[in-house]
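# Per-entry structural report
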Amino acid sequence: MEKNRQALSVLIVSTLAFTVCFMVWMMFGVIGIPIKKALNLNATEFGLLTAMPVLTGSLIRVPLGIWTDKFGGRIVMTILMACTVPAIWLMAHATQYWHFLVIGLFVGLAGGSFSVGTPYVARWFPKNRQGFAMGVYGAGNSGAAVNKFIAPALVVAFGWTMVPQVYAAIMLGTVIVFWFFSYSDPTHLVPSNVKFTDQLRALKDPKVLKYCQYYSIVFGGYVALSLWMVQYYVGEYGLDIRAAALLAACFSLPGGVLRAVGGWLSDKYGAHSVTWWVMWVSWICLFLLSYPQFDFTVATTNGPKTFHIGLNVYAFTVLMFILGIAFAFGKASVFKYISDDYTGNIGTISGIVGLAGGLGGFVLPIMFGALVDITGIRSSAFMLMYGVVWVSLIWMYWTEVRRAEVMGAHAKDFSLQG
């Protein structure tokens, strides 16, 4: 009974910590808009600005996963969050573009929290509930939506510099709460003298590479779009920052909260089945989102007639909402693959897969900006992601679908066999 109480406490407080970390990690998605205006940045420079925290949050994931296996999630998570507080506070005092880029690298450490909490939480639960537990913890992705509720209100009321000051205070409070309500279990530690370079050899495993590809779209795409959507709404539909952030949250919120449902579905039907359908739903949504606003003229019996084709703000938001749900399920199902196939070193493999997803979240906003600068078409961001989903679908078909019943009785067994 005491063990169950501690497990529940660890799950709750870890999810809270991850939510705050993700909120901080996505900060530039909102405050980047007034910064872009003040510094007169182009789309590519804006993409780089928003992506800088994602870079460090990604690169540090592998060592954090290793340290969690070795030292335990409680101490690693506490130190990680505490290290970000000074950087978050300093953000309010930055004035030059390079200031934001450098400080953003240190703020980005918060993004590494996923590779700490995932193995930390998973080891408190039996194998048949790990998918759900990791899904609940992963729901902390909804911090991206929380950021879209809090930051715009602070920007409008006090100016953008108030956001990092408030976030620094929230992070400090979270460090204290986490330390007092989390627990350590020495039996969860994985003694290892393996070097960092040795751990990276897991990338030679074709299955790990495949999971990295899946995660680069369901997580990397989620991060990239969470950072990109507020300014997309502002530019494409002419909304103010508060309305844009509210609609952008229609993607970020389900994309985070429903991860727990994806974990439950993965436990019940298998990681393979859930991931397969996630990719197809994403493919359909991104195909529709890729179409730019355009007019074409047709010669009719009554003379030339012009038609306009393009998604209005409501249809666009509905598609983004569905895409957010698909990504939420996909993020959970990929980690169900990992907990099934790599029980002994979840921390290391989740760190590597998380690194791939995070790097996707770093590269995509920069590519979004470059494509907009080159083509002038905002929906080119969705065209790019549509292509990435195609790669995942083809890879999955040749390595899994041809050897398994997609929604049949053997789907779950297949995911367990790898």
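The structure reproduced in this document is the subject of the present report. From a predicted model like this one, the values you see are computed outputs, not experimental measurements.

Parameters and conventions
Residues numbered from 1 in each chain as written. Predicted model: local features only at pLDDT ≥ 70, side-chain atom pairs only at ≥ 80, totals over all residues. Heavy atoms only, no water. Salt bridge = Lys/Arg side-chain N within 4 Å of Asp/Glu carboxyl O. Helix = DSSP H or I, 4+ residues; strand = E, 2+ residues; numbered from the N terminus. Buried < 20%, exposed > 50% of the residue type's maximum accessible area, 1.4 Å probe, protein only. 1 Å grid on protein atoms, 1.4 Å probe; cavity = no way out; pocket = protein on both sides within 12 Å on 5 of 7 lines; lining within 4 Å. Points joined across faces, edges and corners; volume = space filled by probe spheres on them. Nonpolar A, V, L, I, M, F, W, Y, C, P; charged D, E, K, R; others polar. Pairing = 2+ DSSP bridges. Expected span 1.5 Å × (residues − 1). Contact = heavy atoms within 4.5 Å. Patch = residues over 30% accessible without salt bridge, like charges linked within 9 Å, V, L, I, M, F, W, Y side chains within 5 Å. Areas by Shrake-Rupley, 256 points an atom, 1.4 Å probe, with all protein chains shown as cover.

### Let's talk about the pattern of salt bridges
- Under the criterion given, the structure shown has four salt bridges.
- The salt bridge involving D267 is made with K336; its shortest N-O contact spans 3.0 Å. One end of the pair, D267, is in helix α15 (residues 259-269); the other, K336, is in helix α17 (residues 313-341), and 69 residues separate them in sequence.
- Salt-bridge contacts for D340 lead to K336; the nearest nitrogen and oxygen are separated by 3.4 Å. Residue D340 and its partner K336 are both found in helix α17; the two are separated by four residues, about one turn of the helix. The burial state of D340 is the same as that of K336; both residues are buried.
- Counted as one network, the salt bridges with shared partners bring together D267, K336 and D340.

### Description of the layout of surface pockets
- Looking at the largest pocket, its volume works out to about 210 Å³.
- Every residue along the wall of the largest pocket is listed here: I33, K36, K37, A43, W228, Q231, Y232, V234, G235, V372 and R378.
- Residue assignment for the lining of the largest pocket shows that the elements contributing at least two residues are α2 (28-39) and α13 (220-237).
- Here the element with the most residues in the lining of the largest pocket is α13; it accounts for five residues.
- Here the residues of the lining of the largest pocket are counted per class, giving six nonpolar, two polar and three charged.

### Details of the pairing of strand β1 (residues 294-300)
- Examined bridge by bridge, β1 and strand β2 (residues 303-309) share seven bridges and lie antiparallel to one another. Following the sheet pairing, A299 is matched in β2 by P304.
- Connecting the antiparallel pair β1 and β2 is a turn made up of two residues.

### Quick look at helix α19 (residues 380-399)
- With 20 residues, α19 extends 29 Å between its outermost C-alpha atoms, agreeing within 8% with the 28 Å of an ideal straight helix rising 1.5 Å per residue.
- S380, A381, F382, L384, M385, Y386, V389, S392, L393 and M396 are the residues of α19 that are buried.

### What about unusual backbone geometry?
- The phi dihedral of N40 falls on the positive side, at around 55°, and the residue is not glycine.
- With respect to the secondary-structure elements, N40 resides in the loop between α2 and α3 (43-59).
- With a relative accessible area of 68%, N40 lands in the exposed category.

### Topic: the environment of W179
- Relative to the assigned elements, W179 resides in helix α10 (residues 162-181).
- Distance in space between the C-alpha atoms of W179 and R74 is 7.2 Å, their sequence separation being 105 residues.
- Leave out the neighbours within four places in its chain, and W179 touches R74, I75 and T78.

### A word on the environment of F327
- Checked against the element boundaries, F327 lands in helix α17.
- Note on F327: relative accessible area 0%, which makes it buried.
- Taking the C-alpha atoms as reference, F327 lies 30 Å from V102; in sequence the two are 225 residues apart.
- Apart from the residues within four sequence positions on either side, F327 is in contact with I217, V218, G221, Y222, L225, F251, S282 and M385.

### Structural notes on a nonpolar patch on the surface
- A grouping of L16, W67, F71, I75, I79, L172, I176, V177, W179, F180 and F181 is seen on the molecular surface, where their side chains present a nonpolar patch of about 1,100 Å² in accessible area.
- Put simply, the parts of the chain that give the nonpolar patch at least two residues each are α4 (61-71), α5 (73-90) and α10.
- The dominant element in the nonpolar patch, judged by the number of residues it contributes, is α10, at six residues.
- Inspection of the secondary structure puts W67 in helix α4.
- W67 sits in the partly exposed class, given a relative accessible area of 41%.

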